[in-house]
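# Structure assessment
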Amino acid sequence: MPISIKSGREIELMTEAGRILEIVHDELAKALHPGMSTKDIDVLGEEVIRSYGCIPSFLDYNGYPASICVSANEEVVHGIPDKHRILKEGDIVSLDAGVIYKGYHSDAARTHGIGEISREAAKLAEVTRESFFEGIKYAKEGNYLFEISAAIGRYAESFGYGVVRDLCGHGIGTNLHEAPEIPNYEMNRKGVKLKAGMTLAIEPMINAGTWEVDWLDDDWTVVTRDGALSAHYENTVLITDDEPKLLTLSK
Ligand code: MF3
Ligand code: CO
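Our subject in this report is the structure included herewith. (Residues numbered from 1 in each chain as written. Chains lettered and ligands numbered in written order. Predicted model: local features only at pLDDT ≥ 70, side-chain atom pairs only at ≥ 80, totals over all residues. Heavy atoms only, no water.)

## Some remarks on a negative patch on the surface
Put simply, the rule reads: Patch membership requires more than 30% relative accessible area and the absence of a salt bridge. Residues of like charge join within 9 Å; the nonpolar side chains Val, Leu, Ile, Met, Phe, Trp and Tyr join within 5 Å. Computed by Shrake-Rupley with a 1.4 Å probe, the accessible areas treat only the displayed protein chains as cover when residues are assessed. Salt bridge, as used here: a side-chain nitrogen of Lys or Arg that lies within 4 Å of a carboxyl oxygen of Asp or Glu. Residues scored as charged are limited to Lys and Arg (positive) and Asp and Glu (negative), so that His and the chain ends carry no count. Charged side chains are reduced to one point each, which is NZ for Lys, CZ for Arg, CG for Asp and CD for Glu. For the purposes of this entry, the term helix denotes a DSSP run of H or I that reaches at least four residues, the term strand denotes a run of E that reaches at least two, and both are numbered from the N terminus. Per-residue accessibility, obtained with a 1.4 Å probe over protein chains only, is compared with the maximum for each type, and a residue is labelled buried under 20%, exposed over 50%, and partly exposed between these values.
Taken together, the side chains of Glu 141, Asp 241, Asp 242 and Glu 243 make up a negatively charged region of the molecular surface. Checked against the element boundaries, Glu 141 lands in the loop between helix H3 (119–136) and helix H4 (145–157). Exposure remark for Glu 141: the relative accessible area of 36% places this residue in the partly exposed category.

Right, here's the structure in full:
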């Protein structure tokens, strides 16, 4: 599949999809507290998404059974919300959400601490977020895609962290996952040349220990092989001929 270049009208719709998703994340962040279940997060997230007339992108996507991916501690991504899984003080939790607004998707993830968290956990979440911003320094027309990948990986690895290799970011638009694939580590080639109007979901997944991951028997939940903590940070990004626009982050 070629990489789609969005028209002005499509960019308007994706901007609105992103704006709404940012609100969803803000509401979820406010609601987080020890004692809540991961299912509570999903219920609230779906409610907020639908209150804006949107559809949760992830619900039923390849059979995924929820609206919000909730991945705690050693879970990397795609954790399935569960009413018996109760969050406690000191946990970190990665929330990944997507909405469809008038046929256009947005996709974003944040890692939060529940109450007080360890210094190690806070550092991992911070560096994961920062690695995204290192990457998007290269997210500009005329640059090459894998310059973004290399910058993310180089930064995270400089802290001794493991960069997940089995999962990547992706193009996004009328489909949740479009070309191109966006690795979070250095490639031995440049990748495609970036053009204004491309929309990319850039999403570093960074482990405190080894980069290696496993899938649980539910066939969704990705966990670190060594049981160390993992963090995830993602925004939907519009490439322009100037600075990139973060469609899911206005602040
Ligand atoms: N941000 C995740 C991704 O791009 C969300 C997909 S979750 C799924 O892979 F359940 F929809 F698959
Ligand atoms: Co994504």
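## Describing the pairing of strand S4 (residues 92–101)
Where we set the bar: At least two bridges found by DSSP between two strands is the condition for calling them paired.
The element S4 is extensively covered by neighbouring structure, given that 10 of its 10 residues are classed as buried. Going residue by residue along S4, you find Ile 92, Ser 94, Asp 96, Gly 98 and Ile 100 tucked away on one face and Val 93, Leu 95, Ala 97, Val 99 and Tyr 101 tucked away on the opposite face as well. Alignment of strand S2 (residues 68–72) against S4, held across 5 bridges, turns out to be antiparallel. By the bridge assignment for S4, Ala 72 is matched with Val 93. Relative to strand S5 (residues 104–113), S4 runs antiparallel, the two being bridged by 10 bridges. Following the sheet pairing, Val 99 is matched in S5 by Ser 106.

## So, the coordination of the cobalt ion (ligand 2)
Here is the rule we go by: The rule for donors is simple: N, O or S, within 2.8 Å of the metal, or within 3.2 Å if the metal is Na, K or Ca. Water isn't counted, so a site may look like it is missing partners. Labels for metal geometry use angle windows, namely 85 to 135 degrees for all angles of a four-donor tetrahedral site, and for square planar (four donors) or octahedral (six donors) sites opposite donors over 155 degrees apart plus all others within 65 to 115; sites meeting none of these are irregular.
Around the cobalt ion (ligand 2), the protein contributes the donor atoms Asp 107 (OD), His 170 (NE2), Glu 203 (OE) and Glu 234 (OE), at 2.1 to 2.2 Å from the metal centre. Its 6 donor atoms give the cobalt ion (ligand 2) angles of 67 to 169 degrees at the centre, a pattern that matches the irregular case. The exposure class assigned to Glu 234 is buried, which follows from its relative accessible area of 0%.

## Quick word on the nonpolar core
As a reminder of what qualifies: Nine residue types can take part in a nonpolar core, namely buried Ala, Val, Leu, Ile, Met, Phe, Trp, Tyr and Cys, and a core is a set of them joined through side-chain atoms within 4.5 Å. In this analysis, two residues are considered to be in contact whenever any of their non-hydrogen atoms come within 4.5 Å of each other.
By size, the foremost hydrophobic cluster in this structure holds 35 residues, and its most contacted members are Val 24, Leu 32, Ile 41, Ile 68, Leu 87 and Leu 95. Every element with two or more residues in this core is listed here: helix H1 (8–31), helix H2 (38–51), S2, S4 and S5. The element best represented in this core is H1, accounting for 7 residues. Once residues within four sequence positions are removed from consideration, Leu 87 is found in contact with Leu 32, His 33, Pro 34, Gly 35, Met 36, Thr 38, Ile 41, Ala 72, Val 93 and Ile 114. If you look at the next biggest cluster of nonpolar residues, it comprises 29 residues, including Ala 139, Tyr 161, Val 163 and Ile 206.

Any functional reading would require information that these geometric values do not contain.
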